[in-house]
Amino acid sequence: MTTVPVRVVPRGFGQTTRRDAWWAVPAVVFTILSAFVVYATWAAFEGQHYTYGPYLSPFYSPEVFGDSPHAWFGSKPSFVPAWLPFSPALLILPFPGLFRVTCYYYRGAYYKAFWADPPSCAVGEPRKGYRGEHSFPLVLQNIHRYFLFIALGFLLVLAHDVWKAMWFINPVTGQTSFGIGVGTIVLAINVVLLGLYALGCHTLRHVIGGKCDELKSDTRATAYHCVSCLNARHMVWAWCSLVSVAFADIYVRLCATGVWTDWRLL
Ligand code: FES
């Protein structure tokens, strides 16, 4: 066998022979994720206008402590120092936030978009060594498996919020009756999209598939197949659910401040 020596020349940062607009996707990812983080941080600290009638913003659900009728355990506890910024969202947003930050898809997207590591496929990197995710700090990304189970719990809470968003109090008689408003639809679409995202989690495939070479139970095989189907579109559901959760908060907020009118459909 003849061998042909090939000289590998490391590329400098950003150097590539690609002719397409490889920078476009990282730029869009950077813009959308930055806008989301800025808005979600502002909305979490704002601490007001997060409910409207039976609607509760998903940024504030579950409302563990708070002043709205949705709060599970009443107002802010007295042991929280007055100088400490408090908002019901600050207690819960870290959990879905860390679920997304450690998601396999988002990692690939923001590694490129935020610290250009690599800027894109076949584009020169800013450093020479590669330690991967086996060493600190990126080894911490492995906590994703735990946040998956927390996220599944959040899905149940948000689904219950949709149920509660179907019961409206008549301001004159004080009676509660069934109804559907645009806000009910917004919250319902949001929980469906979040479900399509979370249930297509790469880790969930491992949880269901385990270490088996063959899935013997039909139920398990069906579940594995469903999760795999969702996982094939994981990127799509990741972005759709990100937009929908922000929009659901904006919708509730603008209704609560009187900017938008919530139309009743039923
Ligand atoms: Fe994306 Fe788990 S891999 S949510």
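Please refer to the structure higher up on the page.
Worth saying up front: this structure is predicted, and the values here are computed from it rather than measured.

*Asks:* What is the right way to read the packing of helix 1 (residues 24–46) against helix 4 (residues 104–115) from this model?
*Replies:* Helices that pack against each other are described as a pair by the angle of their axes relative to one another and the distance between those axes. Look at helix 1 against helix 4: their axes get within 8 Å of each other, and the N-to-C directions meet at 100°. For the element pair helix 1 / helix 4, the angle class is roughly perpendicular. Along its contact with helix 1, which presents Pro26, Val29, Phe30, Leu33 and Ser34, the element helix 4 presents Tyr106, Ala109, Tyr110, Lys112, Ala113 and Phe114. Residue composition of the contact of helix 1 with helix 4, grouped by class: nine nonpolar, one polar and one charged.

*Asks:* For this particular structure, what's the right way to read helix 6 (residues 182–198)?
*Replies:* Over its 17 residues, helix 6 extends 24 Å from the first C-alpha to the last, a length consistent with the 24 Å expected when each residue adds 1.5 Å. Residues Gly183, Thr184, Val186, Leu187, Asn190, Val191, Leu193, Leu194, Gly195, Tyr197 and Ala198 constitute the buried set of helix 6.

*Asks:* Before we go on, may I ask you to explain the packing of aromatic side chains in this structure?
*Replies:* Aromatic ring pairs are defined here through the distance separating the ring centres and the angle between the ring planes. Enumeration over the complete set of coordinates arrives at 24 aromatic pairs. Seen in terms of ring centroids, Phe65 and Phe73 are 5.9 Å apart; in terms of plane orientation they differ by 45°. Their pairing is tilted. Their ring planes at 35° and their centres at 5.4 Å tell us that Tyr111 and Trp115 sit as a pair that is tilted. Taken together, the positions of Tyr111 and Trp115, both in helix 4 and four residues apart, correspond to about one turn of that helix.

*Asks:* Explain unusual backbone geometry to me, please; I cannot follow it from the model alone.
*Replies:* Among all residues save glycine, negative phi is the norm, and among peptide bonds the norm is trans. With an omega of 0°, the peptide bond between Ser61 and Pro62 qualifies as cis. With respect to the helices and strands, the residue Pro62 is situated in the loop between strand 2 (55–56) and helix 2 (88–92). Of the consecutive residues Asp117 and Pro118, the connecting peptide bond is found in the cis state with omega at 0°. With respect to the secondary-structure elements, Pro118 resides in the loop between helix 4 and helix 5 (144–164). The phi angle at His49 is positive, at roughly 55°, despite the residue not being glycine. The phi angle at Ala116 is positive, at roughly 50°, despite the residue not being glycine. Its place among the elements puts Ala116 in the loop between helix 4 and helix 5. Residue classification places Ala116 among the buried positions, given a relative accessible area of 16%.

Criteria and thresholds
- Residues numbered from 1 in each chain as written.
- Predicted model: local features only at pLDDT ≥ 70, side-chain atom pairs only at ≥ 80, totals over all residues.
- Heavy atoms only, no water.
- Axes fitted to C-alpha atoms, helices over the stretch in contact; angles between N-to-C directions.
- Helix = DSSP H or I, 4+ residues; strand = E, 2+ residues; numbered from the N terminus.
- Parallel < 35°, antiparallel > 145°, perpendicular 65-115°, else oblique.
- Contact = heavy atoms within 4.5 Å.
- Nonpolar A, V, L, I, M, F, W, Y, C, P; charged D, E, K, R; others polar.
- Expected span 1.5 Å × (residues − 1).
- Buried < 20%, exposed > 50% of the residue type's maximum accessible area, 1.4 Å probe, protein only.
- Phe/Tyr/Trp six-rings, centres within 6.5 Å; stacked < 30°, edge-to-face > 60°.

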